[in-house]
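# Examining the three-dimensional arrangement
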Amino acid sequence: MKTNSVSVLENVPDQSQNAKNHQHLKTTRTPKTVIYTTIKSSRYKQFTSSQNNSRSLTADDAHRYQKSSIDFRQKNNNSPVSSSQDSRDVVWNLQNKNSETKFIRNDGSHTPSTEAMVTISWKSSEIKNTWENPVDYHCKRFHPNLNERKKKKYRRLCVISLIIFLLALIVATIIVLSVLLTKSKTKTNVAVPVLRWNTTGITIAGITGWSGINESQLNHPWGLALTYDRTLYVADRFNSRIQKFLSGSTKATTVVGNPNGAPNTTLNSLYYPSKIALDANDNLYIADGYNNRTLFWAKNSNSGVIIGGSGIAGNALNELTFPFDIARDPNLDITYVLDYGNNRIMGYKPGNSTGFIVAGGNGSGSAFTQLDHPMAMHFDSVTNSLIIAIFDRHNIVRWPLGANNWTLVAGDINGLSGSTSTSLQLPTGLTLDPMGNLYVADLGNHRIQLFLNGEMNGTTIAGITGQPGNDSLSLYYPYTIVLDNQLNLYVADNENHRIQKFLRY
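Residues numbered from 1 in each chain as written. Predicted model: local features only at pLDDT ≥ 70, side-chain atom pairs only at ≥ 80, totals over all residues. Heavy atoms only, no water.

### Let's talk about the pattern of salt bridges
A side chain of one charge can pair with a side chain of the opposite charge if their charged atoms are brought near each other. Counted according to the given criterion, the structure contains 11 salt bridges. Residue K275 is joined to D325 by a salt bridge in which the shortest nitrogen-to-oxygen separation is 3.9 Å. Placement of the pair is K275 in the loop between strand 8 (253-257) and strand 9 (276-278) and D325 in strand 13 (residues 323-329), with a sequence separation of 50 residues. The exposure class of K275 is buried, given its relative accessible area of 4%. (Salt bridge = Lys/Arg side-chain N within 4 Å of Asp/Glu carboxyl O. Helix = DSSP H or I, 4+ residues; strand = E, 2+ residues; numbered from the N terminus. Buried < 20%, exposed > 50% of the residue type's maximum accessible area, 1.4 Å probe, protein only.)

This is the structure:
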């Protein structure tokens, strides 16, 4: 197998210096510097094909053929090729970039014999730059779009990396969701308190059946308020004062009003207060019923500040008529006042004694937009609504803040009284526990009813239905109820002039 060989001759004269070895070879034109390359005859066909197609051969073409020849030689173990091995010499004159190439043989033929080797010449000035850096030239000549290919390869790598990242993200998301779903399916044992109370009450304040003004006595207690440490505040209604009982003590301290029980209209006195409320700092909010006003009484203060009402009964926005209950929205710093005589609930902002109507205000009646002498209320921060006991309609309703009507919670929707588990008679007090269960002081039935959240069938947890009494099992017109943090029940047993405690167990 014949391979390529290259030789360089400087300053070649017009007549070929190889004439002695190739007597029959002649050229029509020879440049001063000629490089002879011996190539395989198969390459010669390519040259002649180019000649026939009127193709111009340049240094680029020469380099391509030279490279192919080198590759061919490497494949054949770099075996040398002798000019004597059936080769026919052909001179290829490359005059310039666009020069015409001519091949002339001594026999006048332009086609070498099979397996013959062909000698080609071109200008050394043309090939110098071509072979100065063959690798770089090869890359530029045969890979003109190399940068574009690199860009494409880079883009391809970026796409692959992005796909891998997205797959990893999807896998991680699936794992996290699986863990969360597994945790959500895991049952968490939440301690639900047992709602069961001892039916035998304990007298913690007052003397059963005996009203009075001394530190151990009460006279028709109405309102109750309890601190976290179980300090009890009592609105001693007919003594026109607020009494404070420390936990475990049966002797009280008068914190608001006259200790001797005398009513008055001054700001350091009360006149038949009904209900009270406490804030987180143990400041008192008092519904001063017969003074037709509500007071803010700071802890350890000697006098109060008017929240709403002018002291004179009326139905203007700055007036009240027998305010019987009071509640607080600590988040909005709004005080709600139950205006019994005007069949409405008023709201008061700090520093403004002119209130705004929150519920009712449409006269007394049985319509869903009316309140018929409301007696008690509780602000439910969970549902942002007021739970209202309507005294003359014998039921409990819910009035969402911002709404124009109420919905029934307990009792008869038509306002009928009764003593069954679904009925009430003259409810005067109510509260909610943390689970949303409702507790009602059912005054006319002398009992305390529990309505589980969402249910209208009540359970008697204190007192005996329809039977007033003064023993430890009985109640006589219970007015107000509160719960401590252990859900122990406290009842203002009005006609018995005492406060009863029923322990949960």
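Having put the structure on the table, let's press on.
### Considerations on the nonpolar core
Grouped together as the largest cluster of nonpolar side chains are 23 residues, with contacts concentrated most on Y336, I345, L371, M377, L386 and I388. Those elements that place two or more of their residues in this core are strand 13, strand 14 (334-339), strand 16 (356-360), strand 17 (374-380), strand 18 (385-390) and strand 19 (395-400). Beyond its immediate stretch of four places on either side in the chain, Y336 contacts D325, I326, A327, D329, I345, M346, G347, V358, M377, F379, L386 and L401. Counting 14 residues, the second largest nonpolar core, distinct from the first, contains A441, L450, L487 and F502. (Core = buried A, V, L, I, M, F, W, Y, C linked by side-chain atoms within 4.5 Å. Contact = heavy atoms within 4.5 Å.)

### Notes on the UniProt feature "repeat: NHL" (unreviewed entry) in the protein
The positions UniProt marks with the feature "repeat: NHL" (unreviewed entry) are residues 212-248 and 424-454. Note that residues 212-248 is 0% helix and 43% strand, and that its end C-alpha atoms are spaced 20 Å apart. The span residues 424-454 shows a helical share of 0% and a strand share of 52%, and its end C-alpha atoms are spaced 17 Å apart. (UniProt positions renumbered as here; feature names shortened; annotations may be inferred.)

### Observations regarding the environment of K501
Along the chain, K501 falls in strand 27 (residues 498-502). With 302 residues separating them in the primary sequence, K501 and T199 have C-alpha atoms 9.7 Å apart. Of the polar contacts made by the side chain of K501, one reaches the side chain of Y490; its length is 3.4 Å. (Polar contact = N/O pair within 3.5 Å; in protein donor to acceptor, adjacent residues only side chain to side chain.)

### As for a nonpolar patch on the surface
A cluster of nonpolar side chains, V159, I163, L167, I170 and I174, forms an exposed patch at the surface whose accessible area comes to about 460 Å². Structurally, the position occupied by L167 is in helix 5 (residues 146-185). (Patch = residues over 30% accessible without salt bridge, like charges linked within 9 Å, V, L, I, M, F, W, Y side chains within 5 Å. Areas by Shrake-Rupley, 256 points an atom, 1.4 Å probe, with all protein chains shown as cover.)

### Topic: the packing of aromatic side chains
Counting across every chain of the model gives 14 aromatic pairs. Here the aromatic rings of Y271 and Y290 are separated by 5.6 Å at their centres, their planes lie at 55°, and the arrangement is tilted. With a gap of 19 residues between them, Y271 in the loop between strand 8 and strand 9 and Y290 in the loop between strand 10 (284-288) and strand 11 (293-297) connect regions that are remote in the sequence. What makes Y271 partly exposed here is its relative accessible area of 30%. Assessed through its relative accessible area of 36%, Y290 is described here as partly exposed. Pairwise contacts between aromatic rings join W222, F238, Y271, Y272, Y290, F322, F324, Y340 and Y479 into one cluster. (Phe/Tyr/Trp six-rings, centres within 6.5 Å; stacked < 30°, edge-to-face > 60°.)

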